[in-house]
Amino acid sequence: MKVILVDDERIALEHIRTLIPWEENGYEIAAAATNGRSALRLCEEHRPQIMIVDIRMPVMDGLELIRAVAERGWGVNFIVMSAYEDFNYARQAISLGCVSSYLVKHEVNRDKLMQELAKAKLAWEMNERQRKLSRSEQLKEAFFASSQPAKHGAHIARPPLCALLLQADVPFTTIPSVAASPDARGTIGWTEGFKHAETTAAWELVGEFAHGPGRLVALFEQRDKSVSLQREAFHRIASTAQREFEGRLGYTVSFYFAFEYADAAHLPALIRKLEEAARHTVFSGRNTLACAHDLPLPIRTASADGSRRWLEALAACIAQEDYGSFESVIKEWFDSLAQPEWNLNGLYEAIRALTTLYRERLAAAGLPEADPLDPITFGPLYHVTDIRNRFLHAFGELNEQGSTARKRLSPKLLQAIRYLHAHFQDEIGVEDAAAATGISVRYLHELFKRELNRTFLDYLTEYRIKQAKIILMHEDAKMAEVSARVGYRSPQHFSQVFKRLTGVLPHQFRAKEQAR
């Protein structure tokens, strides 16, 4: 805890300096001054928690100094020293609210000073908690003001400013999320990662606040307004803080930051920029430390149209049984999503299209339903390259397995399976599949039993329940909606069938998956 001593008598300063072992007791004498004006300058430079101040001094007395520091909101707690005849002045100082105690200068001893320092420290800690809460509320208002300029922005800090958004790294999910709450983790204790940043020579931490689970927003102010923007200095601060965060938390955290040169009223635009960067984290990956101004974020909402031409190219490769070209098309498709701008909507569309194609190829090969990006089976995904490689691996395995399966299953059975996969949401039976395939019901029954060792109804039921599992794992749909989407008119019947095949009811399955 930093302390500054202020007294116009150098003997008094030396007496206080040598009265106790400061560092052994957790205190550091950061500076000493012989008048209030010098003390004010030192206070701005060192930002102490406690100042021990004489009342009567030349240039600027103790009362003026206390008022000046209090007006600037630096949160310093004062111990006032005075002679007997100055008690009325001391009483005025105490009334200012940031003075914890009054000491008669010539009666100060070791025990008394230790006692008053402990009292001042406790008062500072209690006030600091309240100041942080107040600062957090003001920062929120400044960052999330509507179209009107934030009324607190100018009071909080003066440009150059740097806003920093911290986000706990979590696996990518194939279901787009609108909410800005990427993780169930809280942010308790996160601000400890900034304790070294508070004392840096270039940038000063103004304050921070939680921005949804697993997210924190912090605002920094450049100390020296007369020099150009100190980007490199801030990058070093952020890099150090990131390492400290990850070492203490045990998981990786990404940092996105952005600068404001002109006006604190522009903070709402700054936070939107940072949120957009964090929303595209799948393109930057885990453990990101990046300036949002330098990222290829889309200028407008990127279009998701464009999967048709890629799917047509893939279909041509399949028709020619050219897996090498098939692999090249997928790589080119994913490359186009990352340049010249990040296309998140296009990525979701590509995932949906490729997953559908994959399942169609499984069905054509007579293989069971599967999710090529299933995190439980294959592990979490954090980067767009991981997603691309997962698809390449899945299609590669399917190419090898499918060639064997295609030789094993008869064309009529494959045709019936494709019909089933396309119409499982409808009220279909073996008669419908037989008619669509152009064979008799009896013959289709024989094909299912001989080649798949199950009945048509068994296969249809298993497929419907697999589709229901996917919905339950990734969506918050009501049970009536889930049952209707997989071909069951009655939610009760759906629940009975689901439990018969899985051993648990649908809502129990969802709860178990969410708890993973």
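Preceding this paragraph is the structure being described.
One structure accompanies this document, and this report is about it. This one's a predicted model, so the numbers in the text were calculated from it and none came from an experiment.

Some words on the overall build of the chain
- A tally of helices and strands in the chain yields 21 helices and 10 strands.
- Here the chain, with 516 residues, has 48% of them falling under the buried criterion.
- Sequence-distant contacts in the chain: of pairs separated by 6 or more residues, those separated by 24 or more amount to 68%.
- Accessible area for the chain stands at about 26000 Å²; split by element, carbon and sulfur atoms hold 49% of it.

Remarks on unusual backbone geometry
- Going from P159 to P160, the amide bond is cis rather than trans, its omega being 0°.
- Structurally, the position occupied by P160 is in the loop between helix 6 (153-156) and strand 6 (161-168).
- Following Q339, the chain continues to P340 via a peptide bond in cis, the omega torsion being 0°.
- Within the fold, P340 resides in the loop between helix 11 (323-338) and helix 12 (344-364).
- Phi is positive for R47, close to 50°, though the residue is something other than glycine.
- Here the phi dihedral of V59 falls at roughly 70°; this positive angle occurs in a residue that is not glycine.

Points about the packing of helix 18 (residues 456-474) against helix 20 (residues 491-502)
- Put simply, helix 18 and helix 20 touch, their axes get as near as 10 Å, and they point 95° apart. As summarised for this structure, helix 18 and helix 20 are arranged roughly perpendicular, according to the angle between their axes. Counted together, T461, E462, I465, A468, K469 and L472 of helix 18 and F494, V497, F498, R500, L501 and T502 of helix 20 form the full contact between these two elements.
- Looking at the contact of helix 18 with helix 20 residue by residue, the class counts come to seven nonpolar, two polar and three charged.

Quick look at the environment of P340
- When its relative accessible area of 76% is taken as the criterion, P340 is described as exposed.
- For the pair formed by P340 and P298, sequence separation is 42 residues and the distance between their alpha carbons is 8.9 Å.

Things to note about the sheet that holds strand 10 (residues 289-291)
- Reading across the sheet, the five strands line up as 7-8-6-9-10 and stay open at both edges, with mixed pairing between neighbours. Looking at which strands have only one partner, the edges of the open sheet turn out to be strand 7 (203-210) and strand 10. Each neighbouring strand pair of the sheet contributes to a mean axis angle of 20°, computed without reference to strand direction.
- Here strand 6 pairs with strand 8 (residues 215-222) via seven bridges, running antiparallel. Across the sheet, residue Q167 finds its bridge partner in strand 8, namely R215.
- Together, strand 6, strand 7 and strand 8 form the strand contacts of helix 5 (residues 110-143), whose direction differs from that of strand 7 by roughly 85°.

Notes on the pairing of strand 2 (residues 28-33)
- As paired elements, strand 1 (residues 2-6) and strand 2 share five bridges and run parallel to each other. From the neighbouring strand, I4 faces strand 2, where its bridge partner is A31.

Side note on the sheet that holds strand 4 (residues 77-82)
- Read from one edge to the other, the open sheet built from five strands follows the order 2-1-3-4-5, with strand pairing classed as parallel. What marks the edges here is a single partner per strand, and that holds for strand 2 and strand 5 (99-104). Going across the sheet, the axis of each strand differs from the next one's by a mean of 20°, ignoring polarity.
- Where strand 3 (residues 50-54) lies against strand 4, five bridges are found, and the strand directions are parallel. Residue pairing across strands places I50 opposite N77, the latter belonging to strand 4.

Describing the packing of helix 16 (residues 430-437) against helix 17 (residues 441-452)
- Taken N-terminus to C-terminus, the directions of helix 16 and helix 17 make an angle of 100°; their axes are 9 Å apart at the nearest point. Classed by the angle they form, the pair helix 16 and helix 17 counts as roughly perpendicular. Between helix 16 and helix 17, the contacting residues are V430, E431, A433 and A434 on the first element and V441, L444 and H445 on the second.
- The residue makeup of the contact of helix 16 with helix 17, split by class, is five nonpolar, one polar and one charged.

Looking at the pairing of strand 4
- Summarising burial for strand 4: six of the six residues are buried, a large majority.
- Side chains N77, I79 and M81 project from strand 4 onto one buried face, and the interleaved F78, V80 and S82 project onto a second face that is buried too.
- Between the parallel pair strand 3 and strand 4, the chain is carried across by helix 3 (residues 62-71), and the sense of this crossover is right-handed.
- Across five bridges, the pairing between strand 4 and strand 5 is parallel.

Rules used throughout
- Residue numbers here run from 1 along each chain, matching the order of that chain's written sequence.
- Reporting of local features is limited, given that this is a predicted model, to residues whose pLDDT is at least 70; pairs of side-chain atoms are given and counted only at 80 or more, and all residues count toward the totals for whole chains, interfaces and linings.
- Computation of side-chain values: all heavy atoms of the structure, hydrogens and water removed.
- Strands are runs of DSSP state E lasting at least two residues, helices are runs of H or I lasting at least four, and both sets are numbered from the N terminus onward.
- Working definition: with a 1.4 Å probe on protein chains only, accessible area under 20% of the residue-type maximum means buried, over 50% means exposed, and in between means partly exposed.
- Whether two residues touch is decided by their heavy atoms; if any such pair falls within 4.5 Å, the residues are in contact.
- Surface accessibility follows the Shrake-Rupley procedure with a 1.4 Å probe radius. Residue values consider only the protein chains on display as shielding.
- Throughout, an axis means a line fitted to C-alpha atoms (over the contacting stretch in the case of helices), and angles, computed between N-to-C directions, take values from 0 to 180 degrees.
- Any angle from 65 to 115 degrees is called roughly perpendicular, while one under 35 is roughly parallel, one over 145 is roughly antiparallel, and all others are oblique.
- Under the grouping applied here, Gly and all other residues not named as nonpolar or charged are polar, the nonpolar ones being Ala, Val, Leu, Ile, Met, Phe, Trp, Tyr, Cys and Pro and the charged ones Asp, Glu, Lys and Arg.
- Two strands qualify as a pair provided that DSSP identifies no fewer than 2 bridges between them.
- A clockwise course of the path from the first strand over the helix to the second, judged with the strands pointing away from the viewer, identifies a crossover as right-handed.

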